[in-house]
Amino acid sequence: MNNQKYLIAANWKQNGDAKSLIRLINNFIRLYKKAKPTCDILILPPAIYLETILNRLKHHKVSRKKISLGAQNISPYQNGAYTGELSVDMTKDYNCNYTLVGHSERRHVFNEDEKIISKKVRLSIESGMQTILCVGETMAEYNSKSTKKVILRQLKSALVKSANLIKSDHNKIIIAYEPVWAIGTGKTASLDDIRDVHGYIHNSLSKILGTKTNSIKILYGGSVNNLNAASILVLSNVNGALVGGASLNSKKFIDICSSI
Ligand code: 13P
């Protein structure tokens, strides 16, 4: 591992409404100010509430260096006639400095293919965002022992066109390993598997980018909660977590943030 800070990200997905999310962020900030966790924290709210959450952070005088904001998804196009899409530059108006790309729900529910994911990665990095690329195998792929093959394909297809940009600034890309079968199921990958896959991701990144990649963060996601976070975060090559369900509970989420 490097001596970078851990990153703990809350992916709120398509949950809540203005009232409940304001309550959630207010409670979280209150707990955050008491616990003072040392990790970097990222909140990925539904895009329509970015401004609301940004205003709460400002109201409570929380530095955006400590709790950042990001977009759960961005358009593969810069701007133009793309009804319903959100451009990466629009998210900057709300102080976003992270994007999430290639989440398994985007790949599997919305059929985003690897070409689209590659475009999004490039656009996001070009726009100066810290870009979290999600990779992970399905249950069938896990059972057929294809995890590494799938992950290598996902990494290559998403990153090759951005290799030069990433080489010049390793901070611009973060990988999140989220086994599809571990998302929202209460089942996490085994600690051995997480260690093994994260090591494999590092080796693959070095090959794809043709340079040492020790400073590229790799997060684990998939049923991370307040009870299992510490044992996962302590593993080598685990530099943080991408949290879904447990991030919707301010107490559980602060406990996760405080567990390293
Ligand atoms: P859960 O933590 O609910 O399993 O979700 C993980 C995830 O998809 C985060 O992006």
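The paragraphs below set out a description of the structure included in this document. Not measured: the values here are computed from a predicted model.

Reading guide: rules and limits
Residues numbered from 1 in each chain as written. Predicted model: local features only at pLDDT ≥ 70, side-chain atom pairs only at ≥ 80, totals over all residues. Heavy atoms only, no water. Near = heavy atom within 4 Å. Polar contact = N/O pair within 3.5 Å; in protein donor to acceptor, adjacent residues only side chain to side chain. Areas by Shrake-Rupley, 256 points an atom, 1.4 Å probe, with all protein chains shown as cover. Nonpolar A, V, L, I, M, F, W, Y, C, P; charged D, E, K, R; others polar. Buried < 20%, exposed > 50% of the residue type's maximum accessible area, 1.4 Å probe, protein only. Helix = DSSP H or I, 4+ residues; strand = E, 2+ residues; numbered from the N terminus. Arc of directions from axis to C-beta. Contact = heavy atoms within 4.5 Å. Pairing = 2+ DSSP bridges. Axes fitted to C-alpha atoms, helices over the stretch in contact; angles between N-to-C directions. Core = buried A, V, L, I, M, F, W, Y, C linked by side-chain atoms within 4.5 Å. Expected span 1.5 Å × (residues − 1). Left-handed = near helix turned anticlockwise from the far one by under 90°.

## As for the site of the ligand
Around the ligand, a shell composed of 13 residues is seen, among which K13, H103, G184, S223 and G245 lie nearest. A distance of 2.6 Å separates an oxygen atom of the ligand from a polar backbone atom of G184. At 2.7 Å, a backbone N or O of S223 approaches an oxygen atom of the ligand. For the ligand, whose free accessible area comes to 300 Å², the fraction covered by protein is 95%. A breakdown of the residues in the shell around the ligand according to their chemical character gives four nonpolar, seven polar and two charged.

## Let's talk about helix α11 (residues 250-257)
Within the span of α11, buried status applies to S250, F253, I254, I256 and C257. When α11 is viewed along its axis, its buried side chains cluster within an angular range of 155° and face the same direction. Looking at the buried positions of α11, the neighbouring elements they touch are β1 (7-11), α1 (18-35), β2 (40-44), α10 (229-233) and β8 (240-243). For α11, the capping residue at the N-terminal end is N249, with a side-chain oxygen 3.0 Å from the backbone nitrogen of K251.

## So, the sheet that holds strand β5 (residues 130-135)
Taken in spatial order, the eight strands of this closed barrel run β1-β2-β3-β4-β5-β6-β7-β8, and their pairing is parallel. Neighbouring strand axes in the sheet, compared pairwise and without regard to direction, differ in orientation by 25° on average. Pairing between β1 and β2: five bridges, direction parallel. Note that in β2 the partner of A9 across the bridge is L42. Along the sheet, helix α9 (residues 191-209) makes contact with β5, β6 (173-177) and β7 (217-221), crossing β7 at roughly 145°.

## A closer look at unusual backbone geometry
Despite not being glycine, N95 shows a phi value in the positive range, around 60°. Structurally, N95 is set in the loop between α3 (88-92) and β4 (96-101). Here N95 falls in the partly exposed class, since its relative accessible area comes to 31%. At N237, a residue that is not glycine, the phi angle is positive and equals roughly 65°.

## Considerations on the nonpolar core
Counting 68 residues, the largest nonpolar core has L133, L155, L159, I175 and I201 as its most contacted members. Ranked by residues supplied to this core, first place goes to α1 with seven residues. Residue contacts for I175: discarding those within four places in its chain leaves L133, V135, L155, L159, I201, L205, I216, K217, I218 and L219. By size, the runner-up hydrophobic cluster in this structure holds 12 residues, among which are Y98, C134, I174 and L242.

## Quick notes on helix α5 (residues 114-126)
Taking 1.5 Å of rise per residue, 13 residues should cover 18 Å, and α5 covers 18 Å from first to last C-alpha, within 8% of that figure. The backbone nitrogen of K115 lies 3.2 Å from a side-chain oxygen of the residue at the head of α5, namely D113. G128 sits one or two positions beyond α5 and adopts a positive phi of about 90°.

## A few points about the packing of α1 against α11
The relative placement of two packed helices is expressed as an angle between their axes plus a distance between the axes. Where α1 meets α11, the closest approach of the two axes is 9 Å, and the angle between their N-to-C directions is 35°. For α1 against α11, the interelement crossing comes out right-handed. Residues L24, N27, F28, L31, Y32 and A35 of α1 form the contact with α11, whose participating residues are S250, K251, F253, I254 and C257. Of the residues in the contact of α1 with α11, the class split is eight nonpolar, two polar and one charged.

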